[in-house]
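# Architecture at a glance
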Amino acid sequence: MWLKPEEILLKNALKLWVAEKGNEYFVLQRRRGYGEGGGGLTGLLVGTLDTMMDSTSKVAPFRILHQTPDSQIYWSIACGGTKEEINQHWEWLEKNIMRTLSVFDSSDDITSFVQGKIRGLIAEEGKVSGVQEDDPEKFREALLRFEKWFDLPQKEKLVTYYSCSYWRGRVPCQGWLYLSTNFLNCQASSIYLYLDTLVVSWNEIWRLEKTSNVILTESIHVLANGEDHYFSMFLHLSETFLIMEQLADYSIKRLFDKETFQEEPSLSDPLQITKRGLETNARNEQFRAFFRLPKEENLLEVYESFLWVPFSHFNTLGKICLSESYLCFASQDGSQCHVIIPMREVIGVEKPDRSSRALTVCVRGKRALRFSEVRDFERLGNAIRRRCGMTASPQHSASTEVTNFLFWTFLLLEEVAMMVGQKESSKTVSNEALMTVFHPQDAENLDPKMLKEKMKEQSWNIHFSEYGRGTSMFCTKKTRDLIVRGVPEALRGELWMLFSGAVNDMAVNPGYYSEIVDKSLGTSTLATDEIERDLHRSLPEHPAFQSDTGISALRRVLTAYAYRNPKIGYCQAMNILTSVLLLYAKEEEAFWLLVAVCERMLPDYFNRRIIGALVDQAVFEELIRMHLTQLTEHMTDLTFFSSVSLSWFLTLFISVLPIESAVNVVDCFFYDGIKAILQLGLAVLDYNMEGLISSHDDAEAVTILSKFFDNVTNKDSPLPQTVQQNSVGNNDKASSLSKVDISDLIKEAYEKYGDMKSEEVERMRKRNKLYVIQTLEDTTKQNVLRVVSQEVKFSASQLDNLYALFKRQHFLSCYWTMNSPVLLHHDPSLAYLEQYQLGFHQFRVLFSLLEPWSLCSDNDALFLWAFRLLDENQDGLVNFKEFCCALDILYSGTFTNKLKFLFKLHQPPGKGKVDLQAYLKQWQDEILKKEESIKDLPRINQAQFIQFSKTLYNLFHGDPEEESLYRAVARVTSLLLRMEEVGRRLQEPTSPTQRSSDTPCATITLEAGSIPQEVEWSFAFEQILASLLNEPVLVRFFERPVDIQARLDHAKGAQLKAKTNK
């Protein structure tokens, strides 16, 4: 390949390179230790030195240098891995460059021309190959090294590479870290000239984290396959870790969750993953998480600027973040102030002030935001106008009257449209929150609780007047303080919608909910059945859900969401959460709040494996170790808290707290996300520290926490006793304990643990996600092996190795494509035995590596027949149990069972899928352990018998007794044909056709194929079995023990290469 021209010192390189050919301007050199006369100690030393020194040609053993007669400077311009490759470059130089160089007068002109030509070639190659890296020349050099060192399939895409130190204990090995789409790869060597190559699949990693110790101030720790790996680097450690984190997360989502990334073009094709695409995806995720934006939004532009904060009367420094539909600002510390402005709310952009580089954005509500000291303020202004559908012109400084007229006209039209939409949707959807229906506030009620409620509302109204109201409201520390004190009942739904971002989802999808309700109602699925079962278990003590009004609204919201997101469908705990949402939000708003919670704020919570909740529990355990050291010293095993706290996370404490107290927790959750739940969990444990430490067992600890929750009250709640929940536990005992006010508990949680950053929580989530998923995978594996071990004779270690091979082959089918049958037919509701399956092509590769006799070698038809035989339900996929049972027969089965397998292999498939009655019969047979009788097997016809005989011949290829086995099979086939001929004559003695057939059957050979087409005959399995039993050499062959571990080791080493050669 062509290289970016670089100077080299030829004097010091003479001992390492040998000139192969040369002319006046160029020289072709070969690396010592390569090619003819190479190898041995010289090749080993040179290769190791190349690795340690990172020389330009440390992979390519050939290179071309440019030289001029009157200069001592040489320039490297090309390198090659083979002699043929480098000769092609040499021939191109002689043909296209040599004649041109003769016209130049000076050596400087010659060198400049050659360098320009080489750079042009590299640029053209970059356009063709689509390489978009920062330094294409060096990246191509690294790609050559990557392909040579690791011998991975050609489709594997190298994303990026870094210089690193790989630590073997306390000894650093200098080398390179290569990050590809599916693998973490490293090659390093120590001062002892020891070369170490590491290849780890991203889906095998249990932990990926930054660590530090006495020796290393900071390093990257990778735990995979039970081994710890440490990488350190002088530069780019954070960048390296970010890319590794993104690739690991991408692998988990693609391989375990079977995501296709249809909405992420940069990630939709595994063959086109780039470093820039991963970095962009990471920025977009962080941007959406911070501002609670829909998943369609991407960060397009960032500007540093000052924002005039009217309530504080000063400019605050921060960053403007612009996406397709939103203009967002966050101050530098992230907590002092942030504001989100939907583009639909922008009604104008005033003429920029060039002196202060300021820009004023006018939004609905007669409000304006002034950004100053914006470096590229004109570009920002044009970008905002373009996204709002405005036209930028020199006359943009319109009068205030015109601006106000446009604003009020726009506002009036939108309000009319909203009223029309509400009237259209009111036929099927409730437009009132259930709390306003079942507990309307009495304006004349002046009891102390209602007076305090009015004071809260007044505080919020003052806040709205200063900070704005609606989507463009400033969120500050004062906003959080008001949240902690409690949200008024009348404002709860509005603020939930605002802080969760659901208000934006609903605004950009008008009529969506009514449409999806009409489509989903009346459908019958597994999700709808589960919803119907749980409807009356959702806050049954609340009057709203003792009536058809509340139950019907709950049914519509849950059914609509299951229809919208079939991947989640319905999960227990969604009914409890949705019930509370319906109390304070209108039905359509409750739907969009549920969307925000399930798809944005609590990802992966509501699915079959509740991975998100388990990840947050792992984060919770980590925080307990950090903040509650006294508790961890007493209880070293914190798994107890995981089991107890699961309902806290799944229901946001709704299931353990009285409803009037739980809604205050939900207030904090919608403002601060999962951070609020973690803080409150720590506060609960801290409050009960003494009781938990003195408890003797888990049951006593559970009782302590249950009694505590029963005594949490909300003294400011205006709800009547008919609405408030009674204590779940023993009322007499509960009354003897001191009451805890929810506002005080939340305030204490924020005071003690409020310094926890949301960004740190997200990092902890990512760090624990890999471990949680791998733990679940390990549990699944143990369940599968427990079931399969009862059916086969493999040892525990052999079965474990088989499972690893099968699972890896399953993943190999997904590594380089999004259209694998395994992905297209993935059903997360299936049992764990069906989670990993192989399509035909993946089965062909793995079965060929493991079957003991080269049974299907170079015969696609036999592979297909074997696949068809194992695919019992005929769904085009083979699961692990089916695969193991077949191998168990071939490895450890009796002579009869092995022969039966080969016999059935040559029979035609059944017609269509197995019906329900057949399934019931199969289930009954499995219960009774009924073994298939050889008499139940159908006969095979002449074509099938001929193929069966050919298969037997193929089994013996390369066997020490090959010739004896061939003769034995010939005797058996000859005997069977004679027997069939005699049998036919005895059965039909008067048949003229048979009487005239005097062809000696003994002379029928498989090669001749001289059997007349009109003669039809067949064999029963008993006949074949009896004939083969008369040949001791055949019996010995089939009963010969197989070295199972050797086959497994061979398959492990050849699995990736087998995929490559496919």
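Residues numbered from 1 in each chain as written. Predicted model: local features only at pLDDT ≥ 70, side-chain atom pairs only at ≥ 80, totals over all residues. Heavy atoms only, no water.

## Points about the overall build of the protein
Worth spelling out the cut-off: Segments assigned H or I by DSSP are reported as helices when at least four residues long, segments assigned E as strands when at least two residues long, and all are numbered from the N terminus. Throughout this description, buried means an accessible area under 20% of the type-specific maximum (1.4 Å probe, protein chains only), exposed means over 50%, and partly exposed covers the range between. Contacts between residues were defined by any pair of non-hydrogen atoms, one from each residue, lying within 4.5 Å.
Tallying secondary structure elements over the protein gives 43 helices and 26 strands in all. Relative to its full complement of 1062 residues, the protein shows a buried share of 51%. Of all intrachain contacts in the protein linking residues separated by at least 6 positions in sequence, the fraction that spans at least 24 positions is 67%.

## Points about the packing of helix α7 (residues 237-256) against helix α31 (residues 796-815)
Cut-off, in case you're wondering: Convention adopted: a line fitted to C-alpha atoms gives each axis, helices being fitted over their contacting stretch, and angles between N-to-C directions are expressed from 0 to 180 degrees. What sets the label is the angle itself: under 35 degrees gives roughly parallel, over 145 gives roughly antiparallel, 65 to 115 gives roughly perpendicular, and the rest give oblique. In this classification, Asp, Glu, Lys and Arg are treated as charged, Ala, Val, Leu, Ile, Met, Phe, Trp, Tyr, Cys and Pro as nonpolar, and every other residue, Gly included, as polar.
Remark: α7 packs on α31, axes separated minimally by 10 Å, with the N-to-C direction vectors making an angle of 105°. With respect to α31, the element α7 is oriented roughly perpendicular. Of the residues in α31, those in contact with R254, L255 and F256 of α7 are K807, F811, C814 and Y815. Residue composition of the contact of α7 with α31, grouped by class: five nonpolar, no polar and two charged.

## Regarding the side chain of S76
Examined against the element boundaries, S76 turns out to sit in strand β5 (residues 74-80). By relative accessible area, S76 is classed as buried at 4%. Once residues lying within four places of it in the same chain are set aside, the contact partners of S76 are L3, K4, P5, E6, I8, I64 and L65.

## Quick word on the state of the cysteines
Just so we agree on the cut-off: Only a pair of cysteine sulfur atoms within 2.5 Å counts as a disulfide in this structure description.
Tallying each qualifying case throughout the model produces zero disulfides. C164 provides the cysteine sulfur closest to C186, a residue in no disulfide bond, and the two sulfurs are 4.1 Å apart. With no disulfide partner, C475 has as its closest neighbouring cysteine sulfur the one in C337, 8.3 Å distant.

## What about the side chain of T181?
Its location among the elements puts T181 in the loop between β7 (171-180) and β8 (183-189). In contact with T181, other than residues within four places in its own chain, are E156, K157, V159, W202, L247, Y250, R254, P270 and I273.

## Comments concerning the sheet that holds strand β18 (residues 359-363)
Defined as follows: One bridge is not enough; two strands pair if DSSP finds at least two bridges between them.
Here we have eight strands laid out as an open sheet, ordered β17-β18-β19-β13-β14-β15-β16-β20, and antiparallel in their pairing. Each edge of the open sheet carries a strand with a single partner, namely β17 (346-349) and β20 (475-476). Where strand β14 (residues 314-322) and strand β15 (residues 326-331) come together, five bridges link them in antiparallel fashion. Counterpart to K319 in the pairing with β15 is A330.

## As for the pairing of strand β2 (residues 17-22)
Pairing geometry for β2 and strand β3 (residues 26-31), over five bridges, is antiparallel. Considered in β3, the bridge of K21 is made with L28. Counting the residues that bridge the hairpin from β2 to β3 gives three residues.

## Considering helix α30 (residues 758-789)
For an α-helix, the turn length of 3.6 residues means that residues three or four places apart are oriented alike. Stated formally: Expected helix span is given by 1.5 Å per residue-to-residue step, counting one fewer step than there are residues. Here the bend at a residue means the angle between the axes of two seven-residue stretches, the one that ends at it and the one that starts at it.
Counted at 1.5 Å a residue, the expected span for α30 with its 32 residues is 46 Å, and the 46 Å between its end C-alpha atoms agrees. Of all bends in α30, the biggest is about 30°, found at N768.

## Focus on helix α34 (residues 860-870)
Just so we agree on the cut-off: Taking the helix axis as origin, the arc is that swept by the directions to the C-beta atoms.
What α34 keeps buried is the set L862, F863, A866, F867 and L870. Viewed along the axis of α34, the buried residues span an arc of 140°, placing them on a single side of the element. On its buried side, α34 packs onto β23 (837-838), α33 (840-850), β24 (878-879), α35 (880-892), α36 (895-905) and α38 (942-955).

## Description of the packing of aromatic side chains
Heads up, the condition is: Two rings belonging to Phe, Tyr or Trp (six-membered ring only in the last case) form a pair when the distance between their centres is within 6.5 Å. Interplanar angles under 30 degrees mark stacking, angles over 60 mark edge-to-face geometry, and anything in between is tilted.
Tallying each qualifying case throughout the model produces 54 aromatic pairs. With 5.8 Å between their ring centres and 50° between their planes, F146 and F150 make a pair best called tilted. Taken together, the residues span about one helical turn, with F146 and F150 both in helix α6 (residues 136-150) at a distance of four residues. There is no split in this pair, since F146 and F150 are both buried.

## What to know about unusual backbone geometry
A positive phi is found at N225, a non-glycine position, where the angle reads about 55°. With respect to the helices and strands, N225 occurs in the loop between β11 (219-224) and β12 (227-232). Residues other than glycine seldom take positive phi values, yet R357 does so here, at roughly 50°. On the secondary structure map, R357 appears in the loop between β17 and β18. The class for R357 is partly exposed, based on a relative accessible area of 32%.

## Some points on the packing of α36 against α38
Between two packed helices, both the angle of their axes relative to each other and the distance between the axes serve to describe the pair. Defined as follows: Here a crossing is taken to be left-handed if its near helix is turned anticlockwise relative to the far helix by less than a right angle, and right-handed if that turn runs clockwise.
Interaxial distance between α36 and α38 falls to 10 Å at its minimum, and their mutual angle equals 130°. Classified by the interaxial angle, the pair formed by α36 and α38 is oblique. Crossing geometry of α36 relative to α38 is assigned as right-handed. Every residue of α38 that contacts α36 at L899, L902 and F903 is listed here: F948, L952 and L955. Taken together, the residues that form the contact of α36 with α38 break down as six nonpolar, no polar and no charged.

## A few points about the sheet that holds β5
Ordered by their spatial adjacency, five strands build an open sheet running β1-β5-β4-β3-β2, and the pairing between neighbours is antiparallel. Taken across any chain shown, the strands that pair with only one partner, and hence form the sheet edges, are β1 (2-8) and β2. Averaged over all neighbouring strand pairs, the angle between strand axes comes to 30°, with direction disregarded.

## Overview of the nonpolar core
As a rule of thumb, nonpolar side chains are buried together in soluble globular proteins. Heads up, the condition is: Joining through side-chain atoms within 4.5 Å is the link that ties buried Ala, Val, Leu, Ile, Met, Phe, Trp, Tyr and Cys residues into a set, and such a set is a nonpolar core.
Core analysis: the largest hydrophobic core is formed by 141 residues, its most contacted members being I384, F499, M574, F606, W648, F670 and L685. Top contributing element to this core by residue count: helix α20 (residues 587-601), with 10 residues. Residues contacting L685, with those up to four places away along its chain left out, are F620, I624, L628, L631, F641, W648, L692 and L705. C186, I773, Y815 and L887 belong to the second largest nonpolar core, which has 126 residues in total.

## Describing the pattern of salt bridges
Counted only if it meets this: Within this document, salt bridges are pairs made up of a side-chain nitrogen of Lys or Arg and a carboxyl oxygen of Asp or Glu, the two lying within 4 Å of each other.
Going through the model one piece at a time under the given rule, you end up with 43 salt bridges. Note that K452 is salt-bridged to D716, the shortest N-O span being 3.3 Å. Of this pair, K452 sits in helix α12 (residues 448-467) while D716 sits in the loop between β21 (712-713) and α28 (731-736); the two residues are 264 residues apart in sequence, bridging distant segments of the chain. What makes K452 partly exposed here is its relative accessible area of 37%. A salt bridge links E587 to R556; the nearest nitrogen and oxygen atoms lie 2.8 Å apart. With a gap of 31 residues between them, E587 in helix α20 and R556 in helix α18 (residues 548-564) connect regions that are remote in the sequence.

## Brief notes about the environment of K747
Here K747 is to be found in helix α29 (residues 742-753). On a C-alpha basis, the gap between K747 and A683 in space is 9.6 Å, while along the polypeptide they are 64 residues apart.

## Describing a negative patch on the surface
The test is simple: Each patch is built from salt-bridge-free residues with over 30% relative accessible area, joining like charges within 9 Å and nonpolar side chains (Val, Leu, Ile, Met, Phe, Trp, Tyr) within 5 Å. The protein chains shown are the only cover counted for residues, whose accessible areas, like all others here, come from Shrake-Rupley with a 1.4 Å probe. By the counting rule applied here, Lys and Arg register as positive and Asp and Glu as negative, while His and the ends of each chain are not counted. To locate a charge, take atom NZ for lysine, CZ for arginine, CG for aspartate or CD for glutamate.
Side chains of D70, D105, D108 and D109 sit close together on the surface and give a patch of like negative charge. Take D105: it is sitting in the loop between α4 (98-101) and α5 (107-129). For D105, a relative accessible area of 80% puts it in the exposed group.

## Side note on the environment of G318
By the secondary structure assignment, G318 is in strand β14. Note on G318: relative accessible area 1%, which makes it buried. Setting aside chain neighbours within four positions, we find G318 in contact with Y303, E304, S305, F329, A330, S331 and Q332.

## Some words on the confidence of the model for the protein
This is how it is decided: pLDDT expresses, on a scale from 0 to 100, how confident the predictor is about each individual residue.
Summarising the model, the protein shows a mean pLDDT of 81, and 81% of its residues fall at 70 or more. Overall, residues 51-58 carries pLDDT values under 50, and its contacts beyond four positions in sequence, including any with other chains, amount to 26 contacts.

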